[in-house]
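Below, each chain spelled out in residue letters.
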Amino acid sequence: MGGSEYPARQRLGRAFFARPTLEVAPDLVGCYLVLRGRRRLVVRLVEVEAYLGVGLDPASHAQSGRTARNGQMFETPGTLYVYVSYGMHHCLNVVCERRGMAGAVLLRAAEPIEGEGSMRRRRGRGGLELSNGPGKLAQALGLDLRHDGADLVRGVLGVWPGPPPARIAVSTRVGITKAVGLPHRFYDPESGFVSRARTSALGTL
DNA sequence: CCATAGATTGACT
DNA sequence: GTCAATCTATGGA
């Protein structure tokens, strides 16, 4: 045990992320996101959304090709894509697909597992408000544009396998106005930290 | 150049 | 329930 493992097995490697975004997304639900800093922060991912590549997904930042903002979506799988939402919040995405092909999974909500005090200090509030939304999660972890491009396979931030949820619910994505019907949101229906808990699931995996 | 929408949140009626 | 905050990207004049 040398601090590179949480809780016991190895972190997810490049091959996990270098797959179609719609395969990676549901597999991330139940995984641990671990940040090694002054303190170790650990959260359990409970809600994610898939965003596809050029010409494949009108709601995706990559829909119309590469720009200054979305460049990381086209880069190495297993890296972090961070963007600023509504000019003030940060959102975290895990880059998928092979290099050159855009695709990313938005991390929408997670349960605090370790370092909750640190997260509460950053958020200025606690309970569900700690991390039950994409902007809240990024703020709780102290992640922003400086972390755009961070390597999840080798860096201080990583993803570890966790006990798989009993069920994974599928629904349409939250807060978009294009491609509203696509079933690209995946979450653990048993978690109270899921945002927009009232939205009804289309089914379960 | 100007207008507007947006993968959101928090404060307020 | 409504709405403002605040910045990027995009589309039209």
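A brief structural summary. None of the values given here were measured: they were computed from a predicted structure.

**What to know about unusual backbone geometry**
Of note in this structure, Glu-97 is not a glycine but carries a positive phi near 65 degrees. Note that Glu-97 resides in the loop between β4 (89-95) and β5 (104-114). Residue classification places Glu-97 among the buried positions, given a relative accessible area of 12%.

**Observations concerning the pattern of salt bridges**
Tallied over the entire structure, the rule returns 16 salt bridges. Residue Arg-185 pairs with Glu-47 through a salt bridge whose shortest N-O separation is 2.8 Å. With Arg-185 in strand β8 (residues 185-187) and Glu-47 in strand β2 (residues 40-51), the pair connects residues that are 138 residues apart, well separated along the chain. Under the relative-accessibility criterion, Glu-47 is labelled buried at 0%. Of the charged contacts, one joins Arg-99 and Glu-75 as a salt bridge, the two residues approaching to 2.5 Å between their closest N and O atoms.

**Notes on the layout of surface pockets**
In this structure, the largest pocket spans a volume of roughly 720 Å³. In terms of lining, the largest pocket is formed by 30 residues, of which the most central are Tyr-83, Ser-85, Tyr-86, Gly-175 and Ile-176. Elements that contribute at least two residues to the lining of the largest pocket include exactly β3 (80-85), β4, β5 and α4 (134-141). The greatest single-element share of the lining of the largest pocket, amounting to four residues, is contributed by β3.

**Details of the protein's contact with DNA strand B**
Close to DNA strand B lie 22 residues; Tyr-83, Asn-93, Arg-123, Gly-135 and Thr-177 are nearest. Contacts to DNA strand B include Pro-134, whose backbone N or O atom sits 3.0 Å from a phosphate oxygen. For the surface near DNA strand B, the elements supplying multiple residues, two or more each, are β3, β4, β5 and α4. The element contributing the most residues to the surface near DNA strand B is α4, with three residues. Partitioning the surface near DNA strand B into residue classes produces nine nonpolar, eight polar and five charged.

**Here's the deal with the protein's contact with DNA strand C**
Contacts to DNA strand C come from Thr-67, Arg-69, Tyr-86, Gly-87 and Met-88. Sugar and phosphate atoms form 64% of the subset of DNA strand C atoms that lie within 4 Å of the protein. Contact distances for DNA strand C include 3.0 Å between a phosphate oxygen and a backbone N or O atom of Arg-69. Between Tyr-86 and DNA strand C, the recorded distance is 2.2 Å, taken from a backbone N or O atom to a base oxygen. Per-class residue counts for the surface near DNA strand C are two nonpolar, two polar and one charged.

**What to know about the nonpolar core**
Ranked by size, the top nonpolar core spans 37 residues in total, and within it Leu-28 and Leu-92 carry the most contacts. When residues no more than four places from it in sequence are discounted, the contact partners of Leu-28 are Phe-16, Phe-17, Leu-45, Val-48, Val-94, Val-105 and Val-159. Listed in part, the 12 residues of the second largest apolar core include Ala-59, Tyr-83, Ala-102 and Ala-104.

**Focus on the pairing of β3**
Of all the six residues making up β3, five are buried; the element is thus mostly covered by neighbouring parts of the structure. Where β3 and β4 come together, six bridges link them in antiparallel fashion. Across the sheet, the residue bridging to Tyr-81 is Asn-93, located in β4. The hairpin formed by β3 and β4 contains three residues between the paired strands, and Tyr-86 there has a positive phi angle of roughly 50 degrees.

**With respect to helix α3 (residues 116-123)**
Regarding α3, the residues found buried are Ser-118, Met-119 and Arg-123. When α3 is viewed along its axis, its buried side chains cluster within an angular range of 130 degrees and face the same direction. Looking at the packing, one finds that the buried side of α3 touches β2, β5 and α4. Once α3 finishes, Gly-124 follows within two positions and takes phi at roughly 75 degrees, a positive value.

Rules used in this analysis
Residues numbered from 1 in each chain as written. Chains lettered and ligands numbered in written order. Predicted model: local features only at pLDDT ≥ 70, side-chain atom pairs only at ≥ 80, totals over all residues. Heavy atoms only, no water. Helix = DSSP H or I, 4+ residues; strand = E, 2+ residues; numbered from the N terminus. Buried < 20%, exposed > 50% of the residue type's maximum accessible area, 1.4 Å probe, protein only. Salt bridge = Lys/Arg side-chain N within 4 Å of Asp/Glu carboxyl O. 1 Å grid on protein atoms, 1.4 Å probe; cavity = no way out; pocket = protein on both sides within 12 Å on 5 of 7 lines; lining within 4 Å. Points joined across faces, edges and corners; volume = space filled by probe spheres on them. Near = heavy atom within 4 Å. Polar contact = N/O pair within 3.5 Å; in protein donor to acceptor, adjacent residues only side chain to side chain. Nonpolar A, V, L, I, M, F, W, Y, C, P; charged D, E, K, R; others polar. Core = buried A, V, L, I, M, F, W, Y, C linked by side-chain atoms within 4.5 Å. Contact = heavy atoms within 4.5 Å. Pairing = 2+ DSSP bridges. Arc of directions from axis to C-beta.

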